[in-house]
Amino acid sequence: MGSVFREVPSSVSFPDLEKEVLDFWRRAYVFRRSVEQRRDAPRFVFWEGPPTANGLPHVGHALPRAMKDLIARYKTMTGHLVERKAGWDTHGLPVELEVEKELGINGKPEIEQFGVREFTEHCRASVLRYTDVWERTTERIGFWLDTEAPYITYSPEYVESVWWILRQIWEKGLLYRGHKVMPYCPRCGTSLSSHEVAQGYEEVEDPALTVRLRLSQPAGALPLSGLDPERPVELLVWTTTPWTLPANAGVAVNPELTYAVVDAGDRYYLLAADRAKDLGFNESPGGCLPGSALVGLTYQPLFDLLSEADRPAAYRGVSAPFVSADDGTGLVHLAPAFGEDDFQAARVAGLPFFQPVDLAGRYTAEVPAWQGQFVKEADPAIIKDLTERGLVHRSERVTHTYPFCWRCKSPLIYYALGSWFVRSTAVKDQLLANNRQIRWYPEHIRDGRFGNFLENLVDWCIGRQRYWGTPLNIWTCVSCGHEHCVGSFAELAELSGGLPEDFDPHRPGIDTITWACPQCGGTMRRESEVIDCWFDSGSMPFARWHYPFENRERFEASFPADYICEAIDQTRGWFLVLLIISTIITGRPPFRNVLVTEFGLDDKGLKMSKSKGNTITLEQGLEQVGADALRWSLFWQSPPWVPKRFDLAEIGQLYRATMGTFWNCYSFLVLYANLDGWEPGAPGPEPTYTALDRWILSRLASTTAAVRGHLDDYQITPAARALELLGDDLSNWYLRLSRRRFWQGELDGDKQAAYQTLYTCLVEGAKLFAPFTPFVAEAIYRNLAAGRGQPESVHLCDYPAVRSDWLDARLEERMAAAREFVFLGRAARNRAGVRTRQPLPWLAVVGPGAESLGELVPVIAAELNVKELRQGVETDQETVSESDGSRTVVLCTAINDQLRLEGLAREVVSRVQRWRKELGLAVDNRVVLAMEGEGDLGRALERYGSEIASEVLAQLLAAESGDWAAEKRWKVDGLELRARLRKA
């Protein structure tokens, strides 16, 4: 008889199996077909956030990618059209820094010396360097993504759409040129937006100084009596940025705070009264006065570096309500060029603006003592100078968070820059309202991490003083300052008199395009900045379709997104910029549901990083454990928003524990179906379904309902765990209790029901598992169902519907009670020290479900190997009981002669079955067997010989005659058992 199903090897390499499945997917164009067959179905819109392809993917990238693919596959199988257009983020500092390393150059001056055109060409060549690796690992992990026609942010079409978006913002009056103190990276030579800064904070130790600023007048000028009028008064001012002290122009005072005058012997100190004790001043103060009395008081500068024209307006106390007495001294040093609060307070008070630091973060000639030195490196020299001049009250080290460039890791400085801003604060209320319409997973991010950021939103600086990016599309007249924002290439061609045939909208070529100013006839030149690359990313819903220049219908059909998913850092990145741009352009939220994932940790629970050397490339992980194992661990381990440990050994064990059990059920079915020639749908006896069959089908139906409900609500971990329980029920309860039905007897109604039930659970189970573990689900489905009236691939199937006719909640409750009684019965056997193969007279059960077991009584009796199941508690001297507080079992342990012989017979069967495996016999190989046993073993062989022979597929001979292939001796309860065996 030929095999019905392809044989399943006894051991399987899942990574190798996955490669076979990948080959089938490619040959059969399964991904494309899965999308095309839903072409007229309702849309489910998924957006892929564009990764930067100039670095290798690591195992942490698997987390969001697996979550994306799971939902996209599920929605496709539930009857939706889910297009999955890939994209590449190709502009910005990440690319430039990589190219600088390759070229051996460092910073903007060397870039310009090298040549901007040559530099940007290197950037263009580098951005897609690793796309083949990304595409290969994307395919290998089973993430179905259309990489044949991706959107690329450097493409002219994409850039033109970005220009159109910025033009709309301009026309709404929300794009403006401003001067603002910005977080600035001297190494990269560019400012950073607030959401970029949020990604780079680190805890560091920095110097902290409390300096003495002597008032220009003695104590007699203060509105206090009882002071020595001739004694000098010094303001105690605290700072953690000593390098800004040469640019000091004033001292901020809160007019509402109370300030204390502390008697220090030959002088008085002035500081906030609430800070005096914390700073070690325990003696009685010389008096207190309101902060308003300090406004306008002048002091002697630490470094007298201001020009003659600026000095009269400088070096005085100014009103600043932001000053607090929570730390420091309640007096804040103001350097207007190097702090946003400083800048605003100085502007209101009329303090002079002094910026003696260049764009490389080095002191200019205006600070001759440290000219050319990087400001952060000058701290020790400044402290030494002030200390030697007796101007330091206290010098210490403090640990605090400080912003670093999220790309190059250099310390940032706050620096007053002229740049271009999107007035995002003008739409803050609408941003908050749109955010409230979005479903966040986890929910707390909406009003927590993300909502708090929106509440504290500042205008978005979109200008970058760099080279490789979407050029800012604003031209300004060099003569009269007239400004114009260009909204398309056609408009640019019209204004400039035509574009070259090889037009490329990047620097430096774009910088050469000029035209005559319509106001004064002067020359209109492009502003030199490029646009923040995050603006590119946030423009993706429009620019990926080159909207509005083409594909209007495709854009409208794919906006807003139903679902996006990225890591937690995108709350300050992609999620934020999508919301800002969409709110300004359309007034609507850009997406309906967003799943936020956490980061990957190594096997010790530490965050993976290249510097620690604890990263695992995605290719390494896939080669070692396979895609399905990696995916399953991410789904099952914990919700996506919880950090994930990547211990490849543990991942492999977890997968084998879950999918291994499902695979073993599949292997079992194939083995016995091939032996019996059983085929689904073939003519045969009418199935007679048992309670066990009906129970597992009900579990299949209720699990289907649970998984669908969880996935519809993006609750991935509960869905995975529901599937795990189904696999465990199928293997460790249904199949274990049904095995005998498969290997004994002819194909009658009972055996037909067992085959049909197991087959149904495996095929429908493969469909349920398909979005989670697409490879093994495909392998099982292809062998069992493809070509048997069902689609060629499991991923071309509909997701299982809930079979209400299979649901039997009452049966599931009764089976749960039965399993609890079995659990207690096993514990009672263990307590009594009686092995499972030894039959016992009876088990009594009491508690919830005991009276309604009905047709499950034989299941419990067979599982616990007792001859009778009784209701109610019975006790005598040969019983043992177990209870869980609500249910109780009493097990009779009395063993008569017949039960003992039956138990010995079962021990014989067990030993011979193991012997058959050791000899490498197939399960259907019939043998000739001769056995002898001492004492009761001999009696057991005599009484139960025919049952033993049936169980082990043997012709049992009493005499030891003939040629034997093998022989064996065992001790069973101290009695010797001898056996000889040969194939029949």
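Since the model is a prediction, treat every value here as computed from it, not as a measurement.

Calculation criteria
Residues numbered from 1 in each chain as written. Predicted model: local features only at pLDDT ≥ 70, side-chain atom pairs only at ≥ 80, totals over all residues. Heavy atoms only, no water. Helix = DSSP H or I, 4+ residues; strand = E, 2+ residues; numbered from the N terminus. Rg over C-alpha atoms; globule rule 2.2 N^0.38 Å. Buried < 20%, exposed > 50% of the residue type's maximum accessible area, 1.4 Å probe, protein only. Contact = heavy atoms within 4.5 Å. Salt bridge = Lys/Arg side-chain N within 4 Å of Asp/Glu carboxyl O. Pairing = 2+ DSSP bridges. Axes fitted to C-alpha atoms, helices over the stretch in contact; angles between N-to-C directions. Parallel < 35°, antiparallel > 145°, perpendicular 65-115°, else oblique. Left-handed = near helix turned anticlockwise from the far one by under 90°. Nonpolar A, V, L, I, M, F, W, Y, C, P; charged D, E, K, R; others polar. Phe/Tyr/Trp six-rings, centres within 6.5 Å; stacked < 30°, edge-to-face > 60°. Lys NZ or Arg CZ within 6 Å of the ring centre and 35° of its normal. Core = buried A, V, L, I, M, F, W, Y, C linked by side-chain atoms within 4.5 Å. Expected span 1.5 Å × (residues − 1). Arc of directions from axis to C-beta.

**Topic: the overall build of the protein**
Within the protein, the regular secondary structure consists of 31 helices and 34 strands. Here the protein has a C-alpha radius of gyration of 39 Å; the compact-globule value for 984 residues is 30 Å, and the former is much larger. Principal axes of the C-alpha set define a box for the protein whose edges measure 125 × 80 × 50 Å. For the protein, buried positions account for 56% of its 984 residues. Partitioning the contacts of the protein with sequence separation of at least 6, the portion at a separation of at least 24 is 79%.

**Some points on the environment of Met 67**
Take Met 67: it is sitting in helix H3 (residues 62-77). Given a relative accessible area of 0%, Met 67 falls into the buried group. Placed 499 residues apart in sequence, Met 67 and Glu 566 show a C-alpha to C-alpha distance of 8.9 Å. Beyond its immediate sequence surroundings of up to four residues, Met 67 is in contact with Tyr 563, Cys 565, Leu 595, Thr 597, Leu 634, Phe 635, Pro 640 and Ile 716.

**Overview of the pattern of salt bridges**
Per the stated rule, a full pass over the model turns up 79 salt bridges. With a closest N to O distance of 3.0 Å, Glu 100 and Arg 466 form a salt bridge. With Glu 100 in helix H4 (residues 93-103) and Arg 466 in the loop between strand E17 (463-464) and strand E18 (474-477), the pair connects residues that are 366 residues apart, well separated along the chain. When sorted by exposure, Glu 100 lands in the same class as Arg 466, which is buried. In this structure, Arg 837 engages Glu 907 in a salt bridge whose closest nitrogen and oxygen atoms are separated by 3.2 Å. Pair noted here: Arg 837 is in the loop between helix H28 (809-832) and strand E27 (840-846) and Glu 907 is in helix H30 (residues 897-918), with a separation of 70 residues, a long-range link. Arg 837 sits in the partly exposed class, given a relative accessible area of 34%. Relative accessible area serves as the criterion here: at 2%, Glu 907 is assigned to the buried category. Here the salt bridges share partners, and the residues they tie into one network are Arg 835, Arg 837, Asp 897, Arg 900, Glu 907, Arg 911, Asp 936, Arg 939 and Asp 973.

**Side note on the pairing of strand E1 (residues 85-88)**
A two-sided burial pattern is seen for E1, the buried positions comprising Lys 85 and Gly 87 on one face and Ala 86 and Trp 88 on the other. Two strands pair when backbone bridges link them, and E1 and strand E2 (residues 146-152) are joined in this way by 3 bridges, in the parallel orientation. From the neighbouring strand, Trp 88 faces E2, where its bridge partner is Ile 152.

**Considerations on the sheet that holds strand E24 (residues 593-597)**
Here we have 3 strands laid out as an open sheet, ordered E15-E24-E23, and parallel in their pairing. Edge positions in the sheet fall to strand E15 (439-441) and strand E23 (564-567), since each has one partner strand and no second. Neighbour-to-neighbour, the strand axes of this sheet turn through a mean angle of 20°, independent of strand direction. Alignment of E23 against E24, held across 4 bridges, turns out to be parallel. Bridge pairing in E24 places Cys 565 opposite Leu 595. Against the sheet, helix H20 (residues 574-586) touches E15, E23 and E24, its axis set at about 135° to E23.

**A few points about the packing of helix H7 (residues 131-140) against helix H21 (residues 618-625)**
Where H7 contacts H21, the two axes come as close as 10 Å, and the packing angle between them is 30°. In terms of orientation, H7 and H21 fall into the roughly parallel class. Our pair here, H7 against H21, has a crossing hand that is left-handed. Taking contact as the criterion, the partners of Val 133, Arg 136, Thr 137 and Arg 140 in H7 are, on H21, Leu 618, Glu 619 and Leu 622. Considering only residue class, the contact of H7 with H21 consists of 3 nonpolar, 1 polar and 3 charged.

**Brief notes about the packing of aromatic side chains**
Each aromatic ring pair is characterised by the separation of its centres together with the angle its planes make. Tallying each qualifying case throughout the model produces 54 aromatic pairs. Its end group placed over the ring of Trp 144, Arg 73 keeps NZ or CZ at 3.8 Å from the ring centre. The ring of Phe 303 has Arg 389 lying over it, and the distance from NZ or CZ to the ring centre is 5.2 Å.

**A short note on the nonpolar core**
Grouped together as the largest cluster of nonpolar side chains are 131 residues, with contacts concentrated most on Leu 630, Leu 758, Phe 772 and Leu 784. A total of 14 residues in this core trace back to one element, the largest contributor, which is helix H23 (residues 648-676). Listed in part, the 67 residues of the second largest apolar core include Val 204, Val 251, Leu 306 and Leu 417.

**Here's the deal with helix H6 (residues 116-127)**
End to end, H6 covers 16 Å across 12 residues, agreeing with the expected 16 Å (1.5 Å per residue, within 8%). Burial in H6 covers these residues: Val 116, Phe 119, Thr 120, Cys 123, Ser 126 and Val 127. All buried residues of H6 lie within an arc of 120° about the axis, which places them on one face of the element. On its buried face, H6 sits against H4 and helix H5 (108-114).

**Some points on H21**
Taken as a whole, H21 has its buried residues at Leu 618, Gly 621, Leu 622 and Val 625. Projected onto a plane normal to the axis of H21, the buried residues spread over an arc of 100° and lie on a single side. Tucked inside the fold, the buried residues of H21 contact helix H1 (14-28), H3, H7, helix H22 (627-637) and H23. A positive backbone phi angle near 95° is found at Gly 626, which sits one or two residues after H21.

**What about the environment of Val 478?**
Looking at where Val 478 falls in the secondary structure, it is placed in the loop between E18 and strand E19 (483-485). For the pair formed by Val 478 and Asp 341, sequence separation is 137 residues and the distance between their alpha carbons is 32 Å. Val 478 has contacts with Thr 523 and Arg 525, leaving out every residue within four places of it along the chain.

**Digging into unusual backbone geometry**
Put simply, Tyr 441 and Pro 442 share a cis peptide bond, and its omega is 5°. At Tyr 714, a position not held by glycine, the phi torsion is positive, near 60°. Mapped onto the elements, Tyr 714 comes out in the loop between helix H24 (691-712) and helix H25 (716-743). With a relative accessible area of 3%, Tyr 714 lands in the buried category. Unusually for a residue other than glycine, Asp 973 sits at a positive phi of about 55°. Tracing the sequence through the fold places Asp 973 in the loop between strand E33 (966-972) and strand E34 (975-983). You can call Asp 973 partly exposed: its relative accessible area is 38%.

**Some details on the sheet that holds strand E16 (residues 460-461)**
Spatially, 4 strands are ordered E4-E3-E14-E16 in an open sheet, and the strand pairing comes out antiparallel. Of all the strands in the sheet, just strand E4 (190-191) and E16 have a single pairing partner and so form its edges. Strand direction decides the pairing type here: strand E14 (residues 413-422) and E16, joined by 2 bridges, are antiparallel. Residue pairing across strands places Phe 421 opposite Cys 461, the latter belonging to E16.

**Quick look at the packing of H22 against helix H27 (residues 774-784)**
Taken N-terminus to C-terminus, the directions of H22 and H27 make an angle of 120°; their axes are 7 Å apart at the nearest point. Looking at the two axes, H22 sits oblique to H27. On H27, the residues that touch Ala 627, Asp 628 and Arg 631 of H22 are Pro 774, Phe 775 and Val 776.

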